[in-house]
Amino acid sequence: MAVKAKETVHNNQFSTAVSLSMAGAIIVFVILYEFVVRTQTDPVIQSMFSFFSMVIMLVALALMIRYMSTIYNLLLTHARLEVERKVLFFHHIAAEISVDSMMGIWPKADFDKMDQVTGKKHHFTVSRSDLDSYKIYVILYKEDDKINYAELQCSKKMHRALTKLVNQ
C-alpha cells in the first residue's frame, strides 16, 4: 500500500499558565516540606513525611514527563489510518482504522453527532485544545457493528488527505 500522508504530532508548546502553576506548586511543596521537617522532633514522623514527599514528587515528575513526551505518529495509506503512540521509550500501535469503515471526519468544534456513538471513544491528542499547527478533528468509524469515536490531532494537510480518502 502506498503511503498517502505521514505525520508526527507532538506538543511543542507549554502555556505560560501551566508553567507558572507547576513552578508555584513546586515552590509551595518545598516550603511546606522544609517547614514540616524542621518543626518535627520525632525522627519517625520526619522519615515518613520525607518518604511520602519523595513518592509524591516522583509521581508528579512521571506525569509531567509523560505529558511532555507523548508523540503520535500518523500513517495514512489507501486502506487504513495507523496511529502509533510513543511515550518516552515505549511505543505501540494505538489504533488501526480502516478507511472503508470511516463514516466521516469533522473539526471537533463542528461535531454534533455524539448521539450516534455506540462504541468506544478514543483520544489521540497531545493537547486538550487546538494548537497552532495541529487542530483536533473527530472521526466516526464502524467496528464490530458499533460506531466508534476518535479524536485526532493533526495538521490541515493530513486532514485534507483523510477527507479526500473518506469522501471517495
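Structure's up top.
Residues numbered from 1 in each chain as written. Predicted model: local features only at pLDDT ≥ 70, side-chain atom pairs only at ≥ 80, totals over all residues. Heavy atoms only, no water.

**Q** Lay out the sheet that holds strand E1 (residues 3-10) with the relevant residues and their values.
**A** The pairing of strands in a sheet happens through backbone hydrogen bonds and is either parallel or antiparallel. Read across the sheet, four strands follow the order E1-E2-E3-E4 without closing on themselves; strand pairing throughout is antiparallel. Bordering the open sheet on either side are E1 and strand E4 (90-98), each of which pairs with just one other strand. The sheet shows a mean angle of 15 degrees between the axes of neighbouring strands, taken without regard to direction. Relative to strand E3 (residues 80-87), strand E2 (residues 70-77) runs antiparallel, the two being bridged by seven bridges. Within the sheet, the bridge partner assigned to Asn 73 lies in E3 and is Glu 84. (Pairing = 2+ DSSP bridges. Helix = DSSP H or I, 4+ residues; strand = E, 2+ residues; numbered from the N terminus. Axes fitted to C-alpha atoms, helices over the stretch in contact; angles between N-to-C directions.)

**Q** I'd like a rundown of the environment of Ala 109, residues and numbers included.
**A** For Ala 109, the location among the structural elements is in the loop between strand E5 (102-107) and strand E6 (121-124). Under the relative-accessibility criterion, Ala 109 is labelled exposed at 77%. Along the primary structure Ala 109 and Leu 75 are separated by 34 residues, whereas in three dimensions their C-alpha atoms are 24 Å apart. (Buried < 20%, exposed > 50% of the residue type's maximum accessible area, 1.4 Å probe, protein only.)

**Q** Can you break down the sheet that holds E5 residue by residue, with the values?
**A** In spatial order, the strands read E5-E7-E8-E6; together these four strands make up an open sheet with mixed pairing. The sheet is open, and its two borders are formed by E5 and E6, each paired with just one other strand. In this sheet, adjacent strand axes meet at a mean angle of 15 degrees when their direction is disregarded. The strands that helix H3 (residues 156-166) touches are E5, strand E7 (135-143) and strand E8 (146-154); relative to E5, the one it contacts most, it runs at about 150 degrees. (Contact = heavy atoms within 4.5 Å.)

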